[in-house]
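A closer look at the structure
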Amino acid sequence: MKQFEGKVAVITGGASGFGKEFARIGAQMGMKLVLADVQEDALDAAVAEFKAQGAQVIGLRTDVSKAEQVQALADAAMTAFGEVNLVFNNAGVGAGGLLWENSEKDWEWVLGVNLYGVIHGVRIFTPLMLEAAKKDPGFQGHIVNTASMAGLLNPPAMGVYNVSKHAVVSLSETLYQDLSLVTEQVRCSVLCPYFVPTGISQSQRNRPAGLANDAPPTRSQMVSQALSDKAVNSGKVTAADVAQMTFDAIRDESFYIYSHPQALATVQHRMEDIVNQRNPGDPFGDKPEVRAGLVAALRG
């Protein structure tokens, strides 16, 4: 996709973080915006902000873990603008702790948003794009799925999140291959950011009451939360930086999008472990102090 003016962008998690920055760039380029977020007050504020800038924008409170709500989002986009060109399956939440200490509700919440949100987005929006491509040889569509470097690595005490993001990477790579069988007009990318200040470390604020844990957080969950807060909030690459990288990748038809290319050395080590049948190496190999701090905190 080379031209963005007048195109329609649907953005989940559109009221903050990467989503809001995607919307900001889209608005600057004259795109029509469909913003979705589970946090209604932030969504309303984002819609008002972009309207005040002259953008054509609508917002719909959407829990992306619910298929019927993602379908309603697609229906609203089509009613308002008649087509969808660009979809950011971006909504995400985080949870940590030792794997065996995560509750069923932890899994249901994180997989519901991070994985099923992408599944619903791909399942519902891809056919709309393919149908538009059949009708118009000039139609261009693109899907961006937000994963994480945690979708390429397996850092400890982040198991639920890791699993959700590995699945998104796999889904996205398969989507890329599937699309290549049927069209050149609709493409996709996977975004794998590292630690970027976006607010995801505080995503518990939007956790549904029905999926709240009865028991207090375990030691490992509190340690993981503290480390996540520190790493995310100290990130030097901004959400705006990542949003610009993403639009550049869409324009260049690049599939993999990395906020921190230097982190790929650790990914390479993991791949070499797999190919050479070595036991998994330390994902914090370049930062031994992080592992030492984790061990000290968990062993007390």
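Structure shown above.
Scope of this entry: the structure provided in the associated data block.

Each value, and the rule that gives it
Residues numbered from 1 in each chain as written. Predicted model: local features only at pLDDT ≥ 70, side-chain atom pairs only at ≥ 80, totals over all residues. Heavy atoms only, no water. Helix = DSSP H or I, 4+ residues; strand = E, 2+ residues; numbered from the N terminus. Contact = heavy atoms within 4.5 Å. Expected span 1.5 Å × (residues − 1). Buried < 20%, exposed > 50% of the residue type's maximum accessible area, 1.4 Å probe, protein only. Phe/Tyr/Trp six-rings, centres within 6.5 Å; stacked < 30°, edge-to-face > 60°.

Before going further, it helps to examine the environment of Ala 77. With respect to the helices and strands, the residue Ala 77 is situated in helix H3 (residues 67-81). Along the backbone, Ala 77 and Gly 54 are 23 residues apart, and their C-alpha atoms lie at a distance of 18 Å.

The next point concerns the environment of Ala 249. You can see Ala 249 is positioned in helix H7 (residues 239-252). Along the primary structure Ala 249 and His 166 are separated by 83 residues, whereas in three dimensions their C-alpha atoms are 21 Å apart. What Ala 249 contacts, discounting residues up to four positions off in sequence, is Ser 254 and Ile 257.

Glancing now at helix H1 (residues 17-28). In an α-helix there are 3.6 residues to a turn, and that puts residues three or four apart on one side. Counted at 1.5 Å a residue, the expected span for H1 with its twelve residues is 16 Å, and the 17 Å between its end C-alpha atoms agrees. All of the buried residues in H1 are Gly 17, Phe 18, Gly 19, Lys 20, Glu 21, Phe 22, Ala 23, Ile 25, Gly 26 and Ala 27. Those residues of H1 hidden inside the fold are in contact with strand E1 (8-12), strand E2 (32-37), helix H2 (40-52), strand E4 (86-89), strand E6 (186-192) and H7. Gly 30 sits one or two positions beyond H1 and adopts a positive phi of about 80°.

Turning our eyes to something else, we now look at unusual backbone geometry. If a residue is not glycine, its phi is most likely negative; likewise, a peptide bond is most likely trans. With phi around 60°, Glu 253 is a residue other than glycine that occupies positive phi space. Of note, Glu 253 is situated in the loop between H7 and strand E7 (256-258). Unlike most non-glycine residues, Gln 277 shows phi in positive territory, near 55°. You can see Gln 277 is positioned in the loop between helix H8 (264-275) and helix H9 (288-299).

Attention now moves to the packing of aromatic side chains. Following the criterion strictly, the structure yields eight aromatic pairs and no others. Measuring from centroid to centroid gives 4.6 Å for Phe 255 and Tyr 256, while their planes differ by 85°, and the two rings are edge-to-face. Tyr 256 gets classed as partly exposed once you look at its relative accessible area, which sits at 40%.

As a further point, take the environment of Met 158. Within the secondary structure, Met 158 sits in the loop between strand E5 (141-146) and helix H5 (159-182). Met 158 sits 101 residues away from Val 57 along the chain, and the two C-alpha atoms are 36 Å apart. Excluding residues within four positions of it along the chain, Met 158 makes contact with Gly 96, Gly 97 and Ala 150.

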